[in-house]
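# Analysis of the macromolecular model
Chain by chain, the residues:
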Amino acid sequence: MKLNRNGRILRVFAILLVMLMIVSNLLVETQAKTSKKNSEKTDQRSECAYKNKEKIYLNKNWKYADHAKITSGYAVFYKAKKNRKGIIVGINAGHGTSNVGSRKTLCHPDGSAKVTGGTTSAGSTKAIAVSGGMTFHDGTRESTVTLRMAKILKKKLLAEGYDVLMIRNSKDVQLDNVARTVICNNVADCHIALHWDGDGLRYDKGCFYIGVPEKLKSMKPVKNHWEEHEALGKALIKGLKREKIKINGKGRMAVDLTQTSYSTIPSVDVELGNQASDHSNPTLVKLADGLARGIDRYMKKNLQMIERDAIEKAKREG
Ligand SMILES: [Zn+2]
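Residues numbered from 1 in each chain as written. Predicted model: local features only at pLDDT ≥ 70, side-chain atom pairs only at ≥ 80, totals over all residues.

### Describing the sheet that holds strand E1 (residues 54-57)
In plain terms, the rule: By this definition, two strands are paired if DSSP reports at least two bridges between them. Here a strand is any run of E in DSSP of at least two residues, a helix any run of H or I of at least four, and the numbering for each starts at the N terminus. Angles run from 0 to 180 degrees between N-to-C directions of axes, and those axes are lines fitted to C-alpha atoms, restricted for helices to the stretch in contact. Our contact criterion uses C-beta atoms placed from the backbone: two residues qualify when those atoms are within 7 Å.
An order of E1-E2-E6-E3-E7-E10-E8-E9 is seen for the eight strands of this open sheet, with the pairing classed as mixed. The sheet is open, and its two borders are formed by E1 and strand E9 (247-254), each paired with just one other strand. Each strand of the sheet is rotated relative to its neighbour by a mean of 25 degrees, with strand direction disregarded. Pairing between E1 and strand E2 (residues 74-78): four bridges, direction antiparallel. If you follow Tyr 57 over to E2, its bridge partner there is Tyr 74. On top of the sheet, helix H3 (residues 177-187) reaches E1, E2, strand E3 (88-93), strand E6 (163-166), strand E7 (190-197) and strand E10 (267-274); it is set at about 170 degrees to E3, its chief contact. Sheet strands touched by helix H4 (residues 222-242): E7, strand E8 (207-211), E9 and E10. Its angle to E8, the strand with the most contacts, is close to 175 degrees.

### Remarks on unusual backbone geometry
A cis amide bond links Lys 220 to the next residue, Pro 221, at an omega of 5 degrees. Note that Pro 221 resides in the loop between E8 and H4. Even without glycine at this site, Asn 99 takes up a positive phi of about 55 degrees.

### A short note on the environment of Ala 122
Our working definition: Exposure criterion: with C-beta atoms placed from backbone coordinates, a residue whose C-beta has 20 or more other C-beta atoms within 10 Å is buried, one with 12 or fewer is exposed, and one in between is partly exposed.
Locating Ala 122 in the fold gives a position in the loop between strand E4 (104-106) and strand E5 (126-128). Judged by the 14 C-beta atoms lying within 10 Å of it, Ala 122 falls in the partly exposed class. C-alpha separation for the pair Ala 122 and Val 255, spaced 133 residues apart in sequence, amounts to 9.9 Å. Apart from residues no more than four positions distant in its own chain, Ala 122 is found in contact with Lys 114, Val 115, Thr 116 and Gly 117.

### Description of the nonpolar core
Operational definition: Note on terminology: a nonpolar core is any set of buried Ala, Val, Leu, Ile, Met, Phe, Trp, Tyr and Cys residues joined through C-beta atoms within 7 Å.
Within the largest apolar cluster, 64 residues are counted, with the highest numbers of intra-cluster contacts made by Val 89, Ile 91, Met 149, Leu 165, Ile 167, Leu 194 and Leu 236. Among the elements that make up this core, the one with the highest residue count is helix H6 (residues 281-317) (eight residues). Apart from residues lying up to four places away in sequence, Ile 167 is in contact with Ala 75, Gly 90, Ile 91, Asn 92, Ala 93, Val 173, Leu 175, Arg 180, Ile 183 and Cys 184.

### Remarks on the pairing of E10
Among the eight residues in E10, eight count as buried, and that is most of the element. Bridging between E7 and E10 involves six bridges; their strand directions are parallel. Bridge pairing in E10 places Asp 197 opposite Asn 274.

### Observations concerning helix H2 (residues 142-159)
To be explicit about the condition: Given a helix with a known number of residues, its expected span is that number minus one, times 1.5 Å.
Counted at 1.5 Å a residue, the expected span for H2 with its 18 residues is 26 Å, and the 26 Å between its end C-alpha atoms agrees. Within H2, the full set of buried residues consists of Glu 142, Ser 143, Val 145, Thr 146, Leu 147, Met 149, Ala 150, Leu 153, Lys 154 and Leu 157.

### Focus on the environment of Asp 138
By the element assignment, Asp 138 lies in the loop between E5 and H2. The exposed category is assigned to Asp 138, around which 9 C-beta atoms lie within 10 Å. Note: C-alpha distance between Asp 138 and Asp 278 (140 residues apart in sequence) is 9.6 Å.

### Some points on H3
Summarising burial for H3: 11 of the 11 residues are buried, a large majority. Burial in H3 covers these residues: Asn 177, Val 178, Ala 179, Arg 180, Thr 181, Val 182, Ile 183, Cys 184, Asn 185, Asn 186 and Val 187.

### Description of the environment of His 191
Among the secondary structure elements, His 191 is positioned in strand E7. Each C-alpha atom, one on His 191 and one on Val 89, is 6.4 Å from the other, the two residues being 102 residues apart in sequence. Those residues within four positions of His 191 in sequence are excluded, and the remaining contacts are Gly 90, Asn 92, Thr 181, Cys 184, Ser 263, Ile 265 and Ser 267.

Here's what the structure looks like:
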């Protein structure tokens, strides 16, 4: 009787011990899986599909690539040397495409009409593939200044550990606005186009970003991304403000842009002033500081969303 009882106790104890071992094993396995998953994620980010200074051409299979008309040029990828974040910032120095001629692209991928005026008036379904840009009151071309700005910003971002996709890396690039946007969509984590406004004013009115017009928010692909565009625009303006740079009004103006209409990643056109603005090197350096601050702010807040977009992008590539 006594022995039987001890035997039962022993059996129960043995069963409990086995169960405990199974549970602890399971726990260790799950933990290992989670940490493997996390390290894979980090690997994916730190690993890079592109080499430093690699030329990146428009891939005809990319979504909307067939809408582009000027496509023979290439963007250049720059890889950060240290403290890599695994985030690629697409920098698009506005304008700077020669011999555009009469080539036009659809304002919207679905062929619908433009909802606001701009370089192309409201109601048009086609726009000049890439416009020439304005001339500052001192005679300097906007495209010259946007390229200088892009180079200064590139240097700053690389030093901070961001990789950079330079959409235009020299005086001329044979890529229209659709091609530039599609390359960014498929290579970069965000797209920032640099411009100065050609408003004819004689005074510096300050910086602003181009917001998404209400009527565009229901059109694909804007429907799924306009909030990202707005958030990135706001972050850039906040960054510029922190550098005590003059902001125009609330820092936003809604315009129907080709860039926005074709963007599937956070994408914004930032107007860094107008024809009367100072564009000396110290000013451009200050602007780069503000923009980099804004990019940092956006990335810290939205890394999860950026990762989701990267996974979607990887799926598309199959
Ligand atoms: Zn411009």
